[in-house]
Amino acid sequence: MGREAQSEAIREATAAMADRMAAEKSFLTDLDSAIGDADHGANMNRGFQAALARLEDADDDPATLVKTVGVALVSEVGGAAGPLYGGSLMKASGELEEGVTAESSVAFAERYLETVEERGKASVGDKTMVDAITPAVHTYRKAIEVDDHDPLEALGKAVDAAERGVAFTTPIRAKKGRASYLGWRSVGHQDPGATSTLYLLEELFAVAEEHLDGDVEIDAEADVDPEELGEPAVGGDVDESANSDGGS
Ligand code: ADP
Ligand code: MG
């Protein structure tokens, strides 16, 4: 995929994310009203609408576009999540200066996670967005570097990992952010920031699916016949409905 197509995909992903934040605004706010101050949905919605507007006049270069989204989130989301989401995107966008490849996307994901951890001082188990980002990034990296999956399949696995990370936030006690003020009363509630992280990843995956399905991202392999790759693009988990005992 050339640079122009990458830029187009980033614009589309941002638009899809903005739509999703608008659609989930009240749900995210409900989650935040249980263990925070009931503003996460409004914060994220405002931030992504601003990001969309800023992309209209941004240069068509992948790193610049991602950085522009980050700047918009820093200035418009506010709260704890704004600097974490926006500042980390700004920092990680530097990894895309040579364009988006399997390799640079891994570097981007790792830099994003590192920056969130550094700025929020949270680790896995503190009941924050880090609980969704960490398994997603580790899964993505392993899928590409160890299991040699293509980026689309790796991203699908990362989304599944983030979903498990979100579920993991429910039964644990918050140790960072506003929710930590509740101590044990935070137990039993799903973390809003981990949840918005999952939604954004789902939208990224949906757009990547449209752009990368059947495509091999690395130019050197551009004339590999997609059919030779064999495996389905999205993989993995056993569909539980297949276990029903219809023994005909
Ligand atoms: P605020 O808590 O300032 O109202 P938001 O409601 O927009 O900000 O975002 C809350 C989310 O931010 C939490 O659900 C959590 O995922 C994330 N968060 C809060 N503090 C931290 C932190 N120190 N490190 C990582 N994530 C954090
Ligand atoms: Mg809040």
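The coordinates are above.
Below or above, wherever it landed, is the structure these notes cover. (Residues numbered from 1 in each chain as written. Chains lettered and ligands numbered in written order. Predicted model: local features only at pLDDT ≥ 70, side-chain atom pairs only at ≥ 80, totals over all residues. Heavy atoms only, no water.)

**Quick word on the overall build of the chain**
Counting its regular elements, the chain contains 10 helices and zero strands. The secondary structure elements of the chain, listed N-terminal to C-terminal, are α-α-α-α-α-α-α-α-α-α. Buried residues in the chain amount to 46% of all 248 residues. Carbon and sulfur atoms provide 49% of the accessible area of the chain, an area that totals close to 12300 Å². (Helix = DSSP H or I, 4+ residues; strand = E, 2+ residues; numbered from the N terminus. Buried < 20%, exposed > 50% of the residue type's maximum accessible area, 1.4 Å probe, protein only. Areas by Shrake-Rupley, 256 points an atom, 1.4 Å probe, with all protein chains shown as cover.)

**Some details on the coordination of the magnesium ion (ligand 2)**
Put simply, a metal with four donors set out as a tetrahedron has ideal angles of 109.5 degrees, and one with six donors set out as an octahedron has ideal angles of 90 or 180 degrees. Bound to the magnesium ion (ligand 2) are the protein donor atoms Asp32 (OD), Asp37 (OD) and Asp39 (OD), situated 2.0 to 2.2 Å from the metal. Each donor residue of the magnesium ion (ligand 2) lies on one chain, and together they are spaced D-x4-D-x1-D. Relative accessible area serves as the criterion here: at 33%, Asp37 is assigned to the partly exposed category. (Donors = N, O, S within 2.8 Å, 3.2 Å for Na, K, Ca; no water.)

**So, the pattern of salt bridges**
Tallied over the entire structure, the rule returns 11 salt bridges. In this structure, Glu145 engages Arg141 in a salt bridge whose closest nitrogen and oxygen atoms are separated by 2.7 Å. Separated by four residues within a single helix, Glu145 and Arg141 lie in helix 7 (residues 130–145), roughly one turn from each other. What you see here is one network of salt bridges that share partners, running through Arg20, Glu24, Glu202 and Glu203. (Salt bridge = Lys/Arg side-chain N within 4 Å of Asp/Glu carboxyl O.)

**Notes on the environment of Thr64**
Within the secondary structure layout, Thr64 lies in helix 4 (residues 62–76). It is 7.4 Å that separates the C-alpha atoms of Thr64 and Ser93, two residues lying 29 residues apart in sequence.

**Quick word on the site of ligand 1**
In the vicinity of ligand 1 there are 20 residues, among which Asp37, His40, Ala80, Gly120 and Asp191 approach most closely. Asp32 has a polar side-chain atom sitting 3.1 Å from an oxygen atom of ligand 1. A distance of 3.1 Å separates an oxygen atom of ligand 1 from a polar side-chain atom of Arg178. The fraction of the free accessible surface of ligand 1 (560 Å²) that becomes covered by protein chains is 92%. Elements represented by at least two residues in the shell around ligand 1 include exactly helix 3 (40–55), helix 5 (81–93) and helix 9 (192–212). Tallying contributions element by element places helix 9 first for the shell around ligand 1, with three residues. Of the residues contributing to the shell around ligand 1, the split by class is seven nonpolar, seven polar and six charged. (Near = heavy atom within 4 Å. Polar contact = N/O pair within 3.5 Å; in protein donor to acceptor, adjacent residues only side chain to side chain. Nonpolar A, V, L, I, M, F, W, Y, C, P; charged D, E, K, R; others polar.)

**Notes on the environment of Gly87**
The residue Gly87 is located in helix 5 in this model. We classify Gly87 as buried; its relative accessible area is 6%. For the pair Gly87 and Tyr112, spaced 25 residues apart in the sequence, the C-alpha separation amounts to 8.9 Å. Discounting residues that sit within four places of it in the chain, Gly87 has contacts with Val74, Gly82, Thr115 and Arg119. (Contact = heavy atoms within 4.5 Å.)

**Concerning the packing of helix 2 (residues 25–35) against helix 3**
How two helices sit against one another is set out by the angle between their axes and by the gap between those axes. It is the contact of helix 2 with helix 3, at a shortest axis distance of 6 Å, that shows an interaxial angle of 140°. Between helix 2 and helix 3, the angle falls in the class oblique. Here Lys25, Leu28, Thr29 and Asp32 of helix 2 come into contact with helix 3, specifically with His40, Gly41, Ala42 and Asn45. Of the residues contributing to the contact of helix 2 with helix 3, the split by class is two nonpolar, four polar and two charged. (Axes fitted to C-alpha atoms, helices over the stretch in contact; angles between N-to-C directions. Parallel < 35°, antiparallel > 145°, perpendicular 65-115°, else oblique.)

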